[in-house]
Amino acid sequence: MGRPKKSVKMPRLRVRKKPIQRVRGMHDVLPPEMNYWNYLEEIVREVVSVFSFQKIETPILEQTELFQRGTGESTDIVQKEMFSFVDKGGNNLSLRPEGTPGIVRAYTENGLHVLPQPVKLYYIGPMFRRERPQSGRQREFHQLNIEVLGNAKPVLDAEVIFIAWKILEKLGLSKFEIQVNSVGCRLCRGQYKEMLVDFLSSNKQRLCVDCKRRLKNNPLRVLDCKNRRCQDVINDAPQIIDYLCEECHDHFKDVLEYLDESKIPYNLNSKLVRGLDYYTKTAFEIWPVEGGEASSQNSLGGGGRYDDLVEILGGRETPAVGMALGIERVIDILKKEEGKGKDKLITVPKSDVMLIQLGDMARKRALGLINLLIDNKISVIECLQKDSIRSQLKSASGAGVKCALILGQKEVLDKSILIRDMESGIQEVLSQDNIISELKKRLRK
Ligand code: HAM
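Here's what I pulled together on the structure shown here. Keep in mind the model is a prediction, meaning the values are calculated, not measured. (Residues numbered from 1 in each chain as written. Predicted model: local features only at pLDDT ≥ 70, side-chain atom pairs only at ≥ 80, totals over all residues. Heavy atoms only, no water.)

### Here's the deal with a positive patch on the surface
Link 1 in the chain: A cluster of basic side chains, namely K204, R206, K212, K216 and R229, defines a positive patch on the protein surface.
Link 2 in the chain: Note on placement: R206 falls in the loop between α6 (186–201) and α7 (209–217). (Patch = residues over 30% accessible without salt bridge, like charges linked within 9 Å, V, L, I, M, F, W, Y side chains within 5 Å. Areas by Shrake-Rupley, 256 points an atom, 1.4 Å probe, with all protein chains shown as cover. Salt bridge = Lys/Arg side-chain N within 4 Å of Asp/Glu carboxyl O. Lys, Arg positive; Asp, Glu negative; His and termini not counted. Charge placed at Lys NZ, Arg CZ, Asp CG, Glu CD. Helix = DSSP H or I, 4+ residues; strand = E, 2+ residues; numbered from the N terminus.)

### Focus: the pairing of strand β5 (residues 119–128)
Link 1 in the chain: Of all 10 residues making up β5, 10 are buried, and the element is well covered by its neighbours.
Link 2 in the chain: In terms of strand pairing, β5 meets strand β6 (residues 140–149) through 10 bridges, oriented antiparallel. For V119, the partnering residue across the bridge sits in β6 and is L149. (Buried < 20%, exposed > 50% of the residue type's maximum accessible area, 1.4 Å probe, protein only. Pairing = 2+ DSSP bridges.)

### Side note on the sheet that holds strand β2 (residues 61–63)
Link 1 in the chain: Reading across the sheet, the 3 strands line up as β2-β4-β3 and stay open at both edges, with antiparallel pairing between neighbours. For this open sheet the edge positions go to β2 and β3 (84–86), each flanked by a neighbour on one side alone. For this sheet, the mean angle separating the axes of adjacent strands, direction not counted, is 35 degrees.
Link 2 in the chain: In the sheet, β2 pairs with strand β4 (residues 92–95) via 3 bridges, with the strands oriented antiparallel. Considered in β4, the bridge of E62 is made with S94. (Axes fitted to C-alpha atoms, helices over the stretch in contact; angles between N-to-C directions.)

### Quick word on the nonpolar core
Link 1 in the chain: The biggest cluster of nonpolar side chains holds 67 residues, and the ones touching the most others in it are I167 and L171.
Link 2 in the chain: In this structure, I167 is in contact with L40, I43, V44, V47, L144 and L325, ignoring residues within four places of it in sequence.
Link 3 in the chain: In terms of nonpolar packing, the next biggest core, distinct from the first, is built from 28 residues, F67, L272, Y279 and A283 among them. (Core = buried A, V, L, I, M, F, W, Y, C linked by side-chain atoms within 4.5 Å. Contact = heavy atoms within 4.5 Å.)

### Focus on the site of the ligand
Link 1 in the chain: Around the ligand there are 26 residues in total, and E98, E131, E147, Y279 and S299 lie nearest to it.
Link 2 in the chain: At 2.8 Å from an oxygen atom of the ligand is found a main-chain nitrogen or oxygen belonging to S299.
Link 3 in the chain: One nitrogen or oxygen atom from the main chain of L300 is found 3.2 Å from an oxygen atom belonging to the ligand.
Link 4 in the chain: The protein chains hide 96% of the 660 Å² of surface that the ligand would expose on its own.
Link 5 in the chain: Residue composition of the shell around the ligand, by class: 8 nonpolar, 11 polar and 7 charged. (Near = heavy atom within 4 Å. Polar contact = N/O pair within 3.5 Å; in protein donor to acceptor, adjacent residues only side chain to side chain. Nonpolar A, V, L, I, M, F, W, Y, C, P; charged D, E, K, R; others polar.)

### A closer look at the environment of K336
Link 1 in the chain: One can find K336 in helix α11 (residues 327–336).
Link 2 in the chain: Each C-alpha atom, one on K336 and one on S94, is 34 Å from the other, the two residues being 242 residues apart in sequence.

### Some thoughts on the sheet that holds strand β15 (residues 403–407)
Link 1 in the chain: With mixed pairing, the 5 strands of this open sheet are ordered in space as β14-β13-β15-β16-β17. Edge positions in the open sheet fall to β14 (380–382) and β17 (427–431), since each of these has one partner strand only. The average undirected angle you get between the axes of adjacent strands in this sheet is 30 degrees.
Link 2 in the chain: Bridging between strand β13 (residues 353–357) and β15 involves 5 bridges; their strand directions are parallel. When the bridges of β15 are listed, M354 appears paired with A404.
Link 3 in the chain: Helix α13 (residues 389–399) contacts β13, β14, β15 and β16 (416–421) of the sheet and is inclined by roughly 175 degrees relative to β13.

### A short note on the side chain of T75
Link 1 in the chain: One can find T75 in the loop between α2 (64–69) and α3 (76–81).
Link 2 in the chain: Look at T75 and you get buried, because its relative accessible area is 1%.
Link 3 in the chain: If we ignore the near neighbours within four places in the chain, the residues touching T75 are G275, L276 and D277.

### Regarding empty space enclosed by the protein
Link 1 in the chain: On inspection of all chains with the given rule, the structure shows 1 cavity of 30 Å³ or more.
Link 2 in the chain: Roughly 30 Å³ of internal volume is contained in the largest cavity.
Link 3 in the chain: Along the walls of the largest cavity sit T58, P59, E62, F67, R96, E98, G99 and G102, which together make up its complete lining.
Link 4 in the chain: Looking at the lining of the largest cavity residue by residue, the class counts come to 2 nonpolar, 3 polar and 3 charged. (1 Å grid on protein atoms, 1.4 Å probe; cavity = no way out; pocket = protein on both sides within 12 Å on 5 of 7 lines; lining within 4 Å. Points joined across faces, edges and corners; volume = space filled by probe spheres on them.)

### Description of helix α8 (residues 228–235)
Link 1 in the chain: Of all the residues in α8, the buried ones are C230, V233 and I234. Projected onto a plane normal to the axis of α8, the buried residues spread over an arc of 100 degrees and lie on a single side. Exposed and facing more than 90 degrees away from the buried side of α8 are R228 and R229.
Link 2 in the chain: Contacts made by the buried residues of α8 are with α6 and α7.
Link 3 in the chain: Two or three places before R229, at the start of α8, stands the capping residue N227, its side-chain oxygen 2.8 Å from that residue's backbone nitrogen. (Arc of directions from axis to C-beta.)

### Things to note about helix α5 (residues 154–170)
Link 1 in the chain: With 17 residues, α5 extends 24 Å from end C-alpha to end C-alpha; this agrees with the ideal 24 Å at 1.5 Å per step.
Link 2 in the chain: Most of α5 sits out of view: 12 of its 17 residues are buried.
Link 3 in the chain: Among the residues of α5, those classed as buried are P154, L156, D157, A158, E159, V160, I161, I163, A164, W165, I167 and L168.
Link 4 in the chain: At the exit of α5 stands G172, carrying a positive phi of roughly 95 degrees. (Expected span 1.5 Å × (residues − 1).)

### Quick look at the packing of aromatic side chains
Link 1 in the chain: Taken as a whole and judged by the stated rule, the model has 5 aromatic pairs.
Link 2 in the chain: Their ring planes at 70 degrees and their centres at 5.8 Å tell us that F51 and F162 sit as a pair that is edge-to-face. You can see F51 sitting in the loop between α1 (31–50) and β1 (54–55) and its partner F162 sitting in helix α5, a full 111 residues away along the chain.
Link 3 in the chain: Clustering of aromatic rings is evident, with ring pairs tying together F51, F162 and W165.
Link 4 in the chain: Lying across the ring of Y36, K335 places its NZ or CZ 5.3 Å from the centre. (Phe/Tyr/Trp six-rings, centres within 6.5 Å; stacked < 30°, edge-to-face > 60°. Lys NZ or Arg CZ within 6 Å of the ring centre and 35° of its normal.)

Below is the structure:
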């Protein structure tokens with residue numbers, strides 16, 4: 001078969017195809033936006049490394065049962081919001097709606113309990129919840145999570161809250177409030193639940209439809225209903241803090257003392273219960289403050305202690321505590337808090353050298369030269385798609401490089417290269433063998 005001649009035109013597609021759009025509630029993160037993500041990740045790394053957290057990745061796809069047992073059957077997440085499907089092998093799978101059950105599975109499955117405890121892990125990645133998309137609420141969103149497994153000390157609860165606060169503070173944010181509560185343990189929460197159900201049942205007529213359902217399935221969730229009429233009922237409801245057993249009470253007292261000593265501002269909120277089933281003792285959320293008022297709508301983060309979850313998922317008795325920050329929501333308020341952090345946003349890193357090529361022979365030699373520069377740790381950029389020297393020199397001054405290396409056909413043939421000082425415009429001819437030593441001298445490396 002002969003090759004098509006250059007002059008033969010490609011036939012045009014007759015029908016213009018309809019572009020495919022992204023799935024509802026999912027978002028593209030484009031390069032300019034990525035500057036915020038990189039900035040946030042750099043601060044996260046800086047803060048968590050102080051406390052010796054190590055990075056972990058677990059799969060986005062897990063068995064549906066992991067979330068049914070872990071996140072909890074009665075939660076909105078499991079009842080209404082999971083992206084679940086049966087695969088071709090008949091397995092019930094779900095996109096993870098949150099990260100904690102996957103971490104607990106990985107902890108037991110990989111024998112991390114035999115390591116010195118606690119095991120401190122952090123991870124950043126996508127989560128999927130089929131909620132109604134609106135401002136600040138997406139179907140795919142990203143979280144930074146930290147998890148501490150294998151120790152029950154209250155200082156670790158305070159450490160986790162401290163890390164969440166410090167990351168936001170280092171980002172330059174001020175319009176947020178930390179809400180803290182204790183939801184007790186299996187023992188004391190059971191007693192409290194009975195009291196709460198008695199109270200709510202006698203006020204059932206005043207509750208919204210959702211809370212009437214919650215009263216049966218998950219009465220604690222009534223406490224954070226946003227409905228005004230439910231709020232009136234809740235204001236008079238018994239408070240969990242008054243029903244904590246001695247151990248939970250003392251644990252909580254210690255957590256608050258650590259927060260006080262570290263001067264972390266927080267608000268004691270006896271109605272805070274969180275939307276996931278596994279929390280024990282400390283529970284906290286970080287609420288944005290708008291117009292002077294903190295609101296649970298679009299919370300920036302949340303977490304708490306989950307001392308039973310490892311056992312619930314088939315592992316050994318292992319106390320644990322953790323938290324997650326919602327990356328999109330944090331970046332949203334970073335943008336809103338006028339200018340803060342903007343000066344620190346990391347843009348494209350500056351390079352020292354630009355390689356300019358003229359003609360086909362030089363273009364063919366260019367990647368080999370770039371390879372040599374990379375191997376010698378010289379930061380180089382290129383514009384291989386360009387032809388004219390003028391436009392390549394323009395790119396070089398736009399990028400702010402110190403030197404340009406100019407390679408044409410003559411230079412390829414006699415193994416030389418031109419080096420141009422971008423500030424003075426002075427050019428010299430070099431042997432290609434001396435490129436690295438000359439650049440190191442000029443760049444003082
Ligand atoms: P969560 O409170 O369900 O906790 O989620 C944590 C954060 O993820 C929220 O505060 C919010 O910033 C963000 N987020 C949640 N849903 C959405 C959404 N639909 N769109 C945008 N952002 C959202 C957990 O997921 C727990 N696993 C945290 C944890 C870790 N607890 C212990 N360890």
